[in-house]
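Structural overview for review
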Amino acid sequence: MVFANSFFVAPNSIDFSTVFLKFSPLSQAAVMGALIGIFLIYIVAIIVLIRLDRQDSLKWGITPLRDNLISDQNYYIIKVYTGMRRGAGTTSRIAFVLTGLNVGTGPRELFDGIRKEFSTGSVMSFFMATKKHLGDIQHLYIWHDNSGEDDYGSWYPNQVEVFDIEKRTTYTFVIERWLSLETSLDAHITAVPSGLPVQFESRFFYQTRDRLSESHMWMSILYRPQISSFTRVQRASCALVYIFLTMIANAMYFNPEPEYEAPPLIEVGPIRFTAKQIFISLICALMTTPVIMFLIFLFKRTKCKQSTANTSCCCTGSKCICQCGALCRRKNDPRKQYEEMLKSRMLSSTVPDFHGGLYLPWWFIFVAWFLVVAGTVVPAFFILLYSMEWGKQKSEEWLTTFFMSLLESMLFVDPIMVICIAFVLALLIRTNKADTNMDTAIVVRRYRAMIGDGEDGLSSTIKVLKSIKADHDSYMTTPRAVNPPLQGSDLTQAANKHRQHVQLITTIKDTLFNLFFMLVILTICFSNRDSRSYLHYSETVNTIAEPLKMPHFHSITTPGDLFVWLNTSVIPSLFPEFDMNGAPLHWTVKQFTTGYVNLRLGPPRLRQLRTKNGTCDIPYIGKVSCYGEYTILDEEEENYCIGWQATPCSKIDYVFNVSVDAWTFKSAFEVWGLPIPGLYTTYGGGGYIATLDVGRNNSVDILNELFKNLWMDRQTRAVMFEFTLYNGATNMFIYHVFLVEFPQTGGAFTSFSIYPIRVYTHQGASGTLTLICEIVFVIYLIVLLIKICIRIYQQRCGYFKQFWQVYEIVMLIAGVSSIVIYAFRLLLTVVTINKFKTDRRQFVDFSHIVLWDQILLSLLAILVFMATLRILEVFATTKKVGAVVKVFQDCGKDLFWYGMTFLYIFTGFCILGTLLFGSALESYNNMYQCMGTLFIAMIGKSKFTEINETQPVLAKVFFIFYIFTVVFFILTIFLSILGASIDSVVHSTREDTREDIVEIMMKKIKSIFVKPTEIKKNTNMDAKRVHKLKCNAI
């Protein structure tokens, strides 16, 4: 009883006495809109699928080869499988030779006089007749003439199956290769007789095709199997029933907030199953699976009602009513004429001819359609009732959950299951099953009736004459010939032309793709930055750093100046008390700074770094107390009492003073701080920290107490004032750091940094666009990773020898690193904001977030630069851009050694300039500053005046020597190296007679608007010769 009670789960109930009173168009708008949307999509899909079903009936058909002779009495069915790769289809002329133990077919063409295209993923069947029986077929030689236009020139066949009707044996020829100008236009294939194992790749492809086309509910609607009475419309109807049954099953047990967690019935590691979960899954499966399986059985096993009319279509007026009630277009419609011509040549009917097995009478189709109507209307009604019972919030939550799970199942779970099942079946089943549903006796009988075999003399003669006339018309309208594969100069010319076309298309695609990729990265970059960042910066400068008629930050030279600036310029701006009319502000407004637009996140803080107390031995004076320079590894770390008194501290200090914590050292690990570079040196992330208050009065008291007790003295080397603001209007955080350095030489250096950052990038309409671009960026990186892995597997170490392929790896690493840093920055933001929400009097440290934000923006900037530069890869095949690349390739080694020489000489001048002028001029005070000064002097912006005023004689000698050596001599060598390479490349470019890709593109564009003056004629088989062959055969 206990197990039964825990196993059974009652479905969600509906109170029919009150449910209809809860109806509200606004509350049920989402569910009603979803139901109506599903029905509208179904209706539109049905309209499209009806036309596709009519086309499918023509694709099923077995049509005789056009070069069959009437006297041929041995029959074969050839089934050609075209691959599902991009561009696998072709319109080129395909020919073959089958060789058996007895005899060969000779050159034959895979053409029935009507169907010209072998489309991607298609399975086309042909009826071949031969004069003699071939015996056991052993070899297939197949080729095409590459006459297809553009991408339809090459062909990727998977396999060819030849079924011997007399011996009832199937021979499989596994091709699985490209027949193109890049590889080869022909292939020699050995037969795999029926019953013998086929190679794994072919079996896996066959099983994947079969699973997707027959077993996958969604893919089979778009990619229907070759022979099946289960139409696309019926498949879409079954999918509709499945959606509604799944919706009602999920609604019956939808409970987003379980009252308690049931104990697991089965638990294996992280995977656990409770009794309720098992029960709900069983009930949902029983509600959907049996109904769908029974519905599919009815559609598959119900015979189509056969028409008693002799003709396939009965035309009256403007429309033709065809078999099974299909509506056709006018007879003068080219599409309708094509369909009628194809039907006239078909040896199999538009409804598959089945034999064997259980099939239901035709009127069972009405039972199936009744189940379709009941399986959609009834669940839709109860779903609407559930939404009325739940209300708006729970209904929308259920609807979102359902559609997310449905999309995950359609896009990820089902395809992975299909591939896994196909892989297992390919391992277990060593042969490909043959289609045994079609009765070949009916096909042979129809073919003989078509050529007039078995009828009286007059009827047979009339049919033969009609057949000859039809073949003659076919050769006149669509003349085709069995041409041998291209060879020699013709093959070279065709290959060059095809290569130019592929290169042109690739250039256009790559250009558009690179521009799109650049747009995506730029969108992501600018979502993290805002043009209003400068306004935040200027506001801080105008109100705090350089306020009007108040002490400026850069005027600080002593610790006293710093306290004056804090009390008179900073505190009134950060802690406003009165409005412009003098009225006291409300406490909620006091949380903002002056202007009432920037919210303070926590209190500001002061952080002091100190050096240790030491002694110096001065001649004639002796040892005295002195304080050296600051270093991170040798900073003051002792704890003190107020006034820098030694510990232990008096308890009175903790009672009557508000700045006790400011005299205690805290390491960088304790405060989660980062080192900060200054003008003089770099300072650690810890120190002596004085955190102000969120109120103005307490903050002023803390500052006054610090000033009174000499918190800054001779040991002070740096004081940092930090605070963080948030602007809701621009959705930006602004982190401020004001640094005052007090070196051991006296005086002060001031610098400040303002970091406006945006970490919440998915707000508003632009945020949605950013989210879409980020998803696209992640998908691009996944595709790029797969592409790189495939190429490395194919090329091994040779992959790393090509510049642009290594370039892609660098882009991938930068992209993945940016995603990781983006996630880490977001995590840090969440942790920091949660700390602020927990204690609003705690300082909000954004230094880590700013650091990772700067790294992220640097990586994104690198990606933008690399994506921009990558366009050169697209145009590197053009002569002009290729010439520029060749120039640097030709002189690369010379430029390297030139660069080493230049760097050596330039470094020597930098050292000389630092030694001569570094003690008097800031622009020469270190190597970095000196390198920058001499570099801008090299491009014409020299600072000769300042060095001339410092050292007049040495300055003239140094400057003249530098200009003559570097500018005239070194740069002249650089130009001569480039000049020699340019001459060599120009000479080789003139000898290259290939047409430039830009010229080809311009010709293509010009051909769209200019009428061609010359039309090339096709040389094909003479129609009279074919007519003569037919007559001789009679």
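Up top is the structure.
For every chain, the first residue of the written sequence is number 1, and numbering continues from 1 onward in sequence order. With the structure being a predicted model, the display of local features is reserved for residues of pLDDT at least 70 and the display and counting of side-chain atom pairs for 80 or more, all residues being used for whole-chain, interface and lining totals. No hydrogens and no water enter the side-chain calculation; it runs on all heavy atoms of the structure.

Quick notes on the overall build of the chain
- Note on conventions: DSSP H or I runs of at least 4 residues are helices, E runs of at least 2 residues are strands, and numbering of each starts at the N terminus. Within the chain, the regular secondary structure consists of 28 helices and 26 strands.
- When each of the 1034 residues of the chain is scored for burial, the buried share is 42%.
- We call two residues in contact when some of their heavy atoms are within 4.5 Å. Across the chain, the fraction of contacts at a sequence separation of at least 24, relative to all contacts at a separation of at least 6, is 73%.
- Accessible surface is estimated by sampling points in the Shrake-Rupley manner with a 1.4 Å probe; for residues, cover comes only from the protein chains shown. Approximately 56,700 Å² of the chain is accessible, and the part contributed by carbon and sulfur atoms is 64%. Working definition: with a 1.4 Å probe on protein chains only, accessible area under 20% of the residue-type maximum means buried, over 50% means exposed, and in between means partly exposed.

Description of a nonpolar patch on the surface
- Like charges within 9 Å and nonpolar side chains (Val, Leu, Ile, Met, Phe, Trp, Tyr) within 5 Å are joined into patches, using only residues over 30% in relative accessible area that form no salt bridge. Basic side-chain nitrogens of Lys or Arg form a salt bridge, by our definition, when they fall within 4 Å of a carboxyl oxygen of Asp or Glu. A surface patch of nonpolar side chains, about 580 Å² in accessible area, is lined by Ile-36, Leu-40, Ile-43, Val-44, Ile-47 and Val-48.
- Within the secondary structure, Ile-47 sits in helix 2 (residues 29-60).
- Relative accessible area serves as the criterion here: at 59%, Ile-47 is assigned to the exposed category.

Focus: the environment of Ile-296
- Looking at the secondary structure, you find Ile-296 in helix 6 (residues 275-301).
- By relative accessible area, which is 24% here, Ile-296 ends up partly exposed.
- In this structure, the C-alpha to C-alpha distance between Ile-296 and Cys-238, residues 58 residues apart in sequence, is 7.2 Å.
- For Ile-296, the contacting residues outside a window of four places in its chain are Phe-230 and Cys-238.

A closer look at the sheet that holds strand 3 (residues 94-100)
- As summarised here, the arrangement of the four strands in space is 4-3-6-9, forming an open sheet in which the pairing is antiparallel. This sheet does not close on itself; its edge strands, each paired only once, are strand 4 (108-109) and strand 9 (186-190).
- Note on pairing: two strands pair once DSSP finds at least 2 bridges between them. Two elements, strand 3 and strand 4, share two bridges in a ladder whose sense is antiparallel. Looking across to strand 4, one finds that Ala-95 is bridged to Glu-109.

Here we look at the packing of helix 5 (residues 232-252) against helix 8 (residues 364-390)
- Convention adopted: a line fitted to C-alpha atoms gives each axis, helices being fitted over their contacting stretch, and angles between N-to-C directions are expressed from 0 to 180 degrees. The geometry of helix 5 relative to helix 8 is characterised by a closest axis approach of 9 Å and an angle of 30 degrees between their N-to-C directions. Judged on the interaxial angle alone, helix 8 and helix 5 are roughly parallel. Considering only the axes of helix 5 and helix 8, their crossing is left-handed. Only Ile-365, Trp-369, Val-372, Gly-375, Thr-376, Pro-379, Ala-380, Phe-382, Ile-383, Tyr-386 and Trp-390 of helix 8 make contact with helix 5, whose side of the interface consists of Val-233, Gln-234, Ser-237, Leu-240, Val-241, Phe-244, Leu-245, Met-247, Ile-248, Ala-251 and Met-252.
- When the residues that make up the contact of helix 5 with helix 8 are grouped by side-chain class, the tally is 18 nonpolar, four polar and no charged. Any angle from 65 to 115 degrees is called roughly perpendicular, while one under 35 is roughly parallel, one over 145 is roughly antiparallel, and all others are oblique. Put simply, a crossing is left-handed when the front helix is turned counterclockwise from the back one by less than a right angle, and right-handed when it is turned clockwise. All amino acids are sorted into three groups, where Ala, Val, Leu, Ile, Met, Phe, Trp, Tyr, Cys and Pro are nonpolar, Asp, Glu, Lys and Arg are charged, and the leftover types, Gly among them, are polar.

Observations concerning the side chain of Thr-376
- Residue placement: Thr-376 occurs in helix 8.
- In protein, a polar contact means a hydrogen-donor-capable atom and an acceptor-capable atom, both N or O and within 3.5 Å, with residues adjacent in sequence counting only if both atoms are side-chain atoms; elsewhere, any N or O pair within 3.5 Å suffices. Side-chain polar atoms of Thr-376 contact the backbone oxygen of Val-373, separated by 3.0 Å.

Describing the packing of aromatic side chains
- To pair, rings of Phe, Tyr and Trp, with the six-membered ring standing in for Trp, must have centres within 6.5 Å; the planes then decide the type, stacked if under 30 degrees apart, edge-to-face if over 60, and tilted in the middle. One pass over the full model with this rule turns up 51 aromatic pairs.
- Ring plane angle 40 degrees and centroid distance 4.7 Å describe the contact between Phe-127 and Tyr-447, whose orientation is recorded as tilted. Note that Phe-127 is positioned in strand 5 (residues 123-130) and Tyr-447 in helix 10 (residues 440-450), a separation of 320 residues in sequence. In this structure, Phe-127 and Tyr-447 share a single accessibility class: buried.
- Between Trp-644 and Tyr-688 the ring centres are 5.2 Å apart and the planes differ by 90 degrees, which places this aromatic pair in the edge-to-face class. Note that Trp-644 is positioned in the loop between strand 19 (622-627) and helix 15 (651-656) and Tyr-688 in strand 23 (residues 687-691), a separation of 44 residues in sequence.

Coordinates in, geometry out; function isn't part of it.
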